[in-house]
Amino acid sequence: MQTATQQEKPHLIDRMGIPRPLLWGFVGLLLFMIGDGVEAGYLAPYLEGQGQSSTRVALLFTIYGVAVSISSWLSGPLSDLWGPKKVMWAGLWIWGIFEVLFLLLGLQPNNYQMMMVAYTARGLGYPLFAYGFLVWIAAATPARQLGSAAGWFWFAFSGGLPTLGSLFASFAIPRIGEMGTFWSSLILVMAGGLVALLFTREPRGMQRLSPPDVTLKQAMFGSISIIWREPKTLVAGIVRTINTSSEYAFLVIMPGVFTKLVGFSLEQWLQLLSIVFLSNIIFNLLSGMMADKLGPRTVVAVGGGLGAAISVPLFYYVPLSFTHNFPIAAAMGVLYGASLASFVPLSGLMPQVCPREKAAALSILGLGAGASTWVGPAIVTWFEGWRGVEGVIWIFSGLYVVSALLTLMITVSPEARAQIRKDELSEAQADREAAMHAVGNQ
């Protein structure tokens, strides 16, 4: 009986879309991103409370986002050359070292210049860890399972940043204080990183992915030249940039909207943020599974592009019309989080666009994801003074309509289609053989 149970569990994990050898990587990624997301909902209001202007805070987030975008792009070619696991180690130590410097030399003495230096350098850390793991997933996962595996990646990623991270902060701040909560994020990040790296032993991630004769220069150039060799990767990168740009903009402007205009406390805002991204992580899984059934382009264009174009204005206008009403604000936040999650199938689609250059294709997607961390705050910096928060809202709504149209230009390569069909036939044959074997045993 015990043996049968042990055999069923791994089978269930595979059926859920999680590659079994990478299970601990997903667990570690979730813990890592919880730690990274602890500050997401309250760093901006904390800095403003220390006397920093909203413009300086937006600039800090923008420069940090530039570092994130560079590191997100580097995760692809470096994983090709070193192997994803070494890239993840580098990201973990960069995050830890510069977080200590950020807290000791920047945040505690309220030194803006040191904040800028240390926070920007820390921005190189989490993309190497997270997107290095995404490359590992692409290298070790069958094509038929990529949509679900990508959904689980973004489940863990956004489950931490900012969902559970913000929820943790909302309970930790009243008990250990704001600075103590900042320090707790370091513990969570290091714990998650060590879990992922010490317990995950899948062999593909522990070796270089590119041929031995490929040099650093060739790998770097290949991860850029793919933009004009395969223009669909550039389109996907732009869509990915639009995807979460509003999220990072809202982390700058929405704390003020909800605490000053809607009438919520800081703890309520953090809890609202957690609800928004709880919705996001649930729909991360659902959108990945739906993409395996309906096709990734349909899910991204309709649920993501058009869905977000509608949900962004709702998330702003409806709570303002029903001030002090947490359930209504939460309902609008759920819609917003679900629409962002509908972009998840892009991560499964990219390796199918360029099946021979998965890491290079994903590096462009990583570049887009990283770019969103500075494009969002930059739009706030450039346009908030021109048309206020309301103008920023409608800019993002329009960008999501553009993303829906661009998604229709992204198509799967014939080679990938053939491989998916081959995998489906192999799986069907295995199921038939298992059924016949079960009948024979009876």
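The structure we're discussing is the one just above.
First things first, this report covers the structure right here in the doc. Note that the structure is a prediction, hence the values are computed from the model and not measured.

A word on the packing of aromatic side chains. One pass over the full model with this rule turns up 31 aromatic pairs. Pairing Phe258 with Phe264 gives two aromatic rings, centres 5.9 Å apart and planes at 25°, and the pair type is stacked. Using a relative accessible area of 1% as the deciding quantity, one classes Phe258 as buried. One aromatic cluster is present, formed by Phe250, Phe258, Phe264, Trp269, Phe315, Phe326, Tyr336 and Phe396 through successive ring pairs. The positively charged end of Arg56 is found above the aromatic ring belonging to Tyr112, 3.9 Å away from the centroid.

Packing of helix H2 (residues 23-37) against helix H8 (residues 146-199) leaves a shortest axis separation of 5 Å and a crossing angle of 30°. If you check the angle between H2 and H8, you find them roughly parallel. Per-class residue counts for the contact of H2 with H8 are 22 nonpolar, eleven polar and one charged.

It is worth spelling out the packing of helix H4 (residues 54-82) against helix H15 (residues 358-407) at this point. Between H4 and H15, whose axes approach to 7 Å, the crossing angle comes to 180°. By the angle class used here, H4 and H15 are roughly antiparallel. Within the contact between the two elements, H4 uses Ala58, Phe61, Thr62, Gly65, Val66, Val68, Ser69, Ser72, Trp73, Gly76, Pro77 and Asp80 and H15 uses Ala359, Ser363, Gly366, Leu367, Gly370, Ala371, Thr373, Trp374, Pro377, Ala378 and Thr381. Here the contact of H4 with H15 is built from residues that sort into twelve nonpolar, ten polar and one charged.

What counts and what doesn't
- Counting from 1, residues in each chain are numbered in the order their sequence is written.
- The predicted nature of this model means local features are confined to residues of pLDDT at least 70 and side-chain atom pairs, given and counted, to a pLDDT of 80 or more, with totals for whole chains, interfaces and linings taken over all residues.
- Hydrogens are left out, water is left out, and the side-chain values use all remaining heavy atoms of the structure.
- Planes of paired rings set the category: under 30 degrees apart is stacked, over 60 is edge-to-face and the rest tilted, where pairs are Phe, Tyr or Trp rings (Trp by its six-membered ring) whose centres lie within 6.5 Å.
- Exposed residues in this analysis have more than 50% of their type's maximum accessible area, buried residues have under 20%, and partly exposed residues fall in between, with area computed by a 1.4 Å probe over protein chains only.
- As a reminder, the over-ring test applies to NZ of lysine and CZ of arginine, requiring each to be within 6 Å of the ring centre and within 35 degrees of the ring normal.
- Convention adopted: a line fitted to C-alpha atoms gives each axis, helices being fitted over their contacting stretch, and angles between N-to-C directions are expressed from 0 to 180 degrees.
- Numbering of helices and strands runs from the N terminus, with a helix taken as a DSSP run of H or I at least four residues long and a strand as a DSSP run of E at least two residues long.
- For classification, angles of less than 35 degrees are called roughly parallel, those exceeding 145 degrees roughly antiparallel, those between 65 and 115 degrees roughly perpendicular, and all remaining angles oblique.
- Each residue gets one label: Ala, Val, Leu, Ile, Met, Phe, Trp, Tyr, Cys and Pro are nonpolar, Asp, Glu, Lys and Arg are charged, and the others, such as Gly, are polar.
- In this description, contact between two residues means that some pair of their heavy atoms is separated by no more than 4.5 Å.

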